[in-house]
Amino acid sequence: VPVNGKRFGESLQLGSSISFLCEEGFVKTHGSQTISCILKDGNVVWDNAVPRCEAPCGGDLKAPSGIILSPGWPELYKEALNCEWVIEAPPGYPIKIIFDKFRTEVNYDVLEVRDGRFPSSPLIGSYQGTQVPQFLISTSNFLYLLFTTDKSHSDIGFRIRYESKGLFDAIQFKTHPDKQDTFFYSRSE
């Protein structure tokens, strides 16, 4: 079973296949998602390498929710990083990020969060050490994150959850058997 991944299938016999899936926040960087037990040159072997699941250094994220991990997570992050993530939600849906874990080298390894899709978008905050808010909410449907590290010390880094947040959600219910009312409420936190 790959580190930071799950295995599906138990049989290790000739002709059987096993599938693998990386845990949320990790991507397959090596190997195959499915491997099969085959006969090759008289030996029973796997037809491909078991995948490696790693936290990517940046990316374009368009899922309604997900996890961003510092490269190397859950171990120490790597040195000399310059990782850019852009989170995109549907128009009209701001993005909320929640800092589950955060620890970087003070003064040298920094996470910038910007309100928009570009490195020039307005800065929400620049975070290092252990000083982060519990959560942040964008004013648009984009967030830009930049994680830069120096070439010396590293730390555990971060685990950040994100989700797109509807400004208003509708509740429909009946106040009378022949009538249905719709009320809108804000899910602001």
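For the structure itself, look to the data block above.
Report follows, based on the coordinates. Counting of residues starts from 1 at the beginning of each chain's written sequence and follows it residue by residue. Only residues with pLDDT of at least 70 get local features here, since the model is predicted, and only at 80 or more are side-chain atom pairs given and counted; chain-wide, interface and lining totals rely on the full set of residues. Think of the side-chain values as coming from all heavy atoms in the structure, minus any hydrogens and water.

**Examining a nonpolar patch on the surface**
Short version of the rule: Patches here: salt-bridge-free residues with over 30% relative accessible area, like charges joined within 9 Å, nonpolar side chains (Val, Leu, Ile, Met, Phe, Trp, Tyr) joined within 5 Å. What sets the accessible areas is the Shrake-Rupley method with a 1.4 Å probe; for residues, cover comes only from the shown protein chains. Salt bridges are counted wherever a side-chain nitrogen of Lys or Arg sits within 4 Å of a carboxyl oxygen of Asp or Glu. Secondary structure is summarised from DSSP: a helix means a run of H or I of at least four residues, a strand means a run of E of at least two, and numbering begins at the N terminus for each.
Judged by side-chain polarity, Leu14, Leu39 and Val44 come together as a nonpolar surface patch covering roughly 310 Å² of accessible area. In this structure, Leu39 sits in strand E4 (residues 34-40).

**A word on the pattern of salt bridges**
Here is the rule: Three labels apply to residues, based on accessible area from a 1.4 Å probe with only protein chains included: buried if under 20% of the type maximum, exposed if over 50%, partly exposed otherwise in between.
Taken as a whole, this structure holds 6 salt bridges when the rule is applied. Close ionic contact of Glu10 with Arg7 constitutes a salt bridge, the shortest N to O distance being 3.2 Å. In this structure Arg7 comes out as partly exposed when scored by relative accessible area, which is 33%. We note a salt bridge from Arg159 to Asp100, for which the minimum N-O separation is 2.4 Å. Of this pair, Arg159 sits in strand E15 (residues 157-164) while Asp100 sits in strand E10 (residues 95-103), and the two are 59 residues apart along the sequence. Linked by salt bridges that have partners in common, Asp100, Arg159 and Arg161 make up one network.

**Comments concerning the state of the cysteines**
Selection criterion: A pair of sulfur atoms, both from cysteines and within 2.5 Å, is called a disulfide here.
Following the criterion strictly, the structure yields 2 disulfides and no others. There is a disulfide in this structure between Cys22 and Cys53, and the S-S distance comes to 2.1 Å. One quick way to see it: the torsion about the S-S bond of Cys22 and Cys53 is about -80 degrees, and its sign makes the bridge left-handed. Of the two residues, Cys22 is situated in strand E2 (residues 17-22) and Cys53 in strand E6 (residues 52-54); the sequence distance between them amounts to 31 residues. The pair Cys22 / Cys53 is uniform in exposure class, with both members buried.

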